[in-house]
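Architecture at a glance
Each chain is listed here by its residues.
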Amino acid sequence: MSLPFPLDASYIRQRLALGLPGKSAHLQLAVPNRWIPQIPPDDAKIAAVLMLIYPDDQGVQHMVFIERDNQSKGVHSGQISFPGGRVELGDNDLRHTALREAQEEVNVDPQRVEILGALSPLYIPVSYFLVHPILAFSTERPDFVAQETEVQNILEIPLMRFFEPDVRQLTDLKVANGMRLKDVPYFQIDDKVIWGATSMMLSELIMILQGEASN
């Protein structure tokens, strides 16, 4: 599958400059009756994730994801997400947080990454986090290494896979607390299910790259 636009840093910067779709993009992949756009509480925990685009050896643009350890007791255990985590003392800004976490979790070298901009922040009530997606670009594939204590698998997925006609589907999911969610929208990539906040961030990125109107 080929895309009608270039997946390079220049094109992405141009699209970002036109504005962000935000809520309208998030709602396309939101869990029905579970996620309602709202103002985050003043004491929400702040986090940042790195949405890194990079080429493989054939020049095909990929994005890196992590599959979190499913042995932990956290609400997001076993889920697929972008590298990232909570803001810590000593972080200069949200970009610093995203790059630091990506270096810790998958060995991304911050010096070899170009930050393109930020996507719309997303509040996740179940974990009380306000997450800031930081979009970045690399001209080469990082030498990925998984952090043993938190990362079960590193997933490298061609970005064009998220534009395939049948990639968005619906399913019922059983989450970490035992609750079963009905008719959850998600991205089906081979045998992997990408849903929740990660899929909502991807939805916004896809709308941006396609040049769809912002709010």
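An account of the accompanying structure is given in this report. Predicted model only: the values in this text are computed from it and were never measured.

1. Here we look at the packing of aromatic side chains
Per the stated rule, a full pass over the model turns up seven aromatic pairs. Three or more aromatic residues joined by ring pairs form one cluster here, namely Phe 65, Phe 82, Phe 162 and Phe 187.

2. Some thoughts on the nonpolar core
Ranked by size, the top nonpolar core spans 42 residues in total, and within it Met 63, Phe 65, Leu 135, Leu 159, Phe 162 and Leu 209 carry the most contacts. Mapped onto this core, the elements with two or more residues apiece are helix H1 (9–16), strand S1 (45–55), strand S2 (61–68), strand S6 (122–124), strand S7 (129–137), strand S8 (151–158), strand S10 (180–189) and helix H4 (196–209). The leading source of residues in this core is H4, at eight residues. If sequence neighbours within four positions are ignored, Met 63 has contacts with Met 51, Leu 52, Ile 53, Tyr 54, Phe 82, Leu 155, Glu 156, Ile 157, Leu 159, Leu 202 and Leu 205. Grouped together as the second largest cluster of nonpolar side chains are 17 residues, Ala 48, Ala 98, Val 113 and Ile 115 included.

3. Details of the pairing of S2
Of all eight residues in S2, eight are buried, a share of seventy percent or more. Here S2 shows a buried face lined by Gln 61, Met 63, Phe 65 and Glu 67 and a second buried face lined by His 62, Val 64, Ile 66 and Arg 68. Examined bridge by bridge, S1 and S2 share three bridges and lie antiparallel to one another. Pairing of Tyr 54 across the sheet is with His 62, part of S2.

4. Concerning the pattern of salt bridges
Under the definition given, this model contains 14 salt bridges. A salt bridge links Arg 100 to Glu 101, with the shortest nitrogen-to-oxygen separation between them at 3.1 Å. Side by side, Arg 100 and Glu 101 carry an identical accessibility label, which is buried. Among the ionic pairs, Arg 112 bridges to Asp 109, the shortest N-O distance being 3.7 Å. Each of Glu 88, Asp 91, Arg 100, Glu 101 and Glu 104 takes part in a single network of salt bridges with overlapping partners.

Definitions and limits used
- Residues numbered from 1 in each chain as written.
- Predicted model: local features only at pLDDT ≥ 70, side-chain atom pairs only at ≥ 80, totals over all residues.
- Heavy atoms only, no water.
- Phe/Tyr/Trp six-rings, centres within 6.5 Å; stacked < 30°, edge-to-face > 60°.
- Core = buried A, V, L, I, M, F, W, Y, C linked by side-chain atoms within 4.5 Å.
- Buried < 20%, exposed > 50% of the residue type's maximum accessible area, 1.4 Å probe, protein only.
- Helix = DSSP H or I, 4+ residues; strand = E, 2+ residues; numbered from the N terminus.
- Contact = heavy atoms within 4.5 Å.
- Pairing = 2+ DSSP bridges.
- Salt bridge = Lys/Arg side-chain N within 4 Å of Asp/Glu carboxyl O.

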